[in-house]
Every structure is written in structure tokens, then in C-alpha cells.
Amino acid sequence: WKPQVLVYPGLDGRDWLEPDSCGFFDIEPCIARAPTLLARQTALLGGRGFAAAPTLLVASTGDEMCPPEGHCDPYAEALSRHGIAHRYLREDFGPHGFGLDGGWTDACIEWLRGRGFGCGGR
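Bear in mind the structure is a predicted one, so any value in this text is a computation, not a measurement.

Conventions used here
- Residues numbered from 1 in each chain as written.
- Predicted model: local features only at pLDDT ≥ 70, side-chain atom pairs only at ≥ 80, totals over all residues.
- Heavy atoms only, no water.
- Salt bridge = Lys/Arg side-chain N within 4 Å of Asp/Glu carboxyl O.
- Helix = DSSP H or I, 4+ residues; strand = E, 2+ residues; numbered from the N terminus.
- Pairing = 2+ DSSP bridges.
- Axes fitted to C-alpha atoms, helices over the stretch in contact; angles between N-to-C directions.
- Phe/Tyr/Trp six-rings, centres within 6.5 Å; stacked < 30°, edge-to-face > 60°.
- Buried < 20%, exposed > 50% of the residue type's maximum accessible area, 1.4 Å probe, protein only.
- Disulfide = S-S within 2.5 Å.
- Contact = heavy atoms within 4.5 Å.
- Polar contact = N/O pair within 3.5 Å; in protein donor to acceptor, adjacent residues only side chain to side chain.

Caption draft 1: Inspection of the pattern of salt bridges at higher detail. In total, this model carries two salt bridges according to the counting rule given. Arg 90 is the salt-bridge partner of Glu 69, the closest N and O atoms lying 3.3 Å from each other. Here the residue Glu 69 occupies a position in the loop between strand E2 (55–60) and helix H3 (72–81), and Arg 90 occupies one in strand E3 (residues 86–91), the gap between them amounting to 21 residues. Among the ionic pairs, Asp 73 bridges to Arg 90, the shortest N-O distance being 2.8 Å.

Structure below.
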């Protein structure tokens, strides 16, 4: 498997069916598709059928839209339970949308190079 890098992913979709809390910008079409997105929610969070590539997971404790407790923490636990190689960077990198700010990118480059990506002798 090729590695994946997930930065403030919205993995827990339990509120996707709630128009007041789902966070969708284009509400009508998104709400209509939400049941399809939720069909494999259990597998996504480590249940039957869970599969993942080696993962670098980045979460900010300052993210109120996708707080780590409801999104990245359960995913990191599932990766651990299933013995999937991963690194979890969980700090206050700033609010949702912190992008490349916060100081996580050097660790990401190091992690990717350790898996043979980019320059670094491999």
C-alpha cells in the first residue's frame, strides 16, 4: 500500500444527516447523499471491513469543526488495533483550515521520506 496523509479529516459522519450541524455548504444535495456516505461508517472507524494504508494523521486540538476526539482519535485507535503503521500528530496547530501552518509539515516530509518518497537517498 502507498501511504496516505490525512490532515483534519472529517471521519465521523454521524451529524451528516442533521441540517443544523452537518457543516455542508451546499446543504440540499449533500443532505440527500449523506445516507450513502454513512453506509460504511462503521468500517471507516475500525469496524468490519476496515482497511487502510500506512497513515500520517494530523489533527489540531484547536479544530472545532473536526475535533480530534470525534474524528482523528477514533481513526488512530483503529489503525493501532489493526496493526497498521501510522504516525499521529496531535497538537494545537490552529483552527480548522490551518493548512500548512503549525509546524507539522517537517514531520510529514520526514515520515514520507522514511517510506521512500521524495529525495533522501531512496
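Caption draft 2: Structural context of the sheet that holds strand E1 (residues 4–7). The strand order across the open sheet formed by three strands is E1-E2-E3, and the pairing between neighbours is parallel. Sheet topology places E1 and E3 at the edges, where each strand pairs with a single neighbour. Taken over all neighbouring pairs, the strand axes of this sheet differ in orientation by 10 degrees on average, direction set aside. In the sheet, E1 pairs with E2 via four bridges, with the strands oriented parallel. Residue pairing for E2: Gln 4 is matched across the bridge by Thr 55.

Caption draft 3: Representation of the packing of aromatic side chains in the model. The full count for this structure, using the stated rule, is three aromatic pairs. With centroids separated by 5.8 Å and ring planes inclined at 70 degrees, the aromatic side chains of Phe 50 and Tyr 75 adopt a geometry described as edge-to-face. Of this pair, Phe 50 sits in the loop between helix H2 (41–44) and E2 while Tyr 75 sits in helix H3, and the two are 25 residues apart along the sequence. By the burial criterion, Phe 50 is buried, and Tyr 75 matches it. Through pairs of rings, three or more aromatic residues link up here, namely Tyr 8, Phe 93 and Phe 98.

Caption draft 4: Structural view of the pairing of E2. Within E2, six of the six residues are buried, which leaves it mostly tucked inside the rest of the structure. Residues Thr 55, Leu 57 and Ala 59 line one face of E2 and the alternating positions Leu 56, Val 58 and Ser 60 line the opposite face, and both faces are buried. Sheet topology note: the E2/E3 ladder contains six bridges and is parallel. Paired with Leu 57 across the two strands is Tyr 88, which belongs to E3.

Caption draft 5: Expanded view of the state of the cysteines. Using the criterion set out here, one finds zero disulfides in the structure. The thiol sulfur of Cys 66 is not disulfide-bonded, and the nearest other cysteine sulfur, from Cys 72, lies at 7.7 Å. Since its relative accessible area comes to 10%, Cys 66 is described here as buried.

Caption draft 6: Structural context of H3. Among the residues of H3, those classed as buried are Cys 72, Asp 73, Tyr 75, Ala 76, Ala 78 and Leu 79. For H3, the secondary structure elements touched by its buried residues are E1, H2, E2 and E3. Gly 83 occupies a position one or two residues after H3 and carries a positive phi of about 70 degrees.

Caption draft 7: Region of interest: the side chain of Ser 60. Here Ser 60 shows up in strand E2. Of the residues examined, Ser 60 reaches a relative accessible area of 1% and is grouped as buried. Among the polar contacts listed, one links the side chain of Ser 60 to the backbone nitrogen of Phe 93, at a separation of 2.9 Å. With residues near it in sequence (within four places) discarded, Ser 60 still touches Pro 68, Glu 91, Asp 92, Phe 93, Gly 94 and Phe 98.

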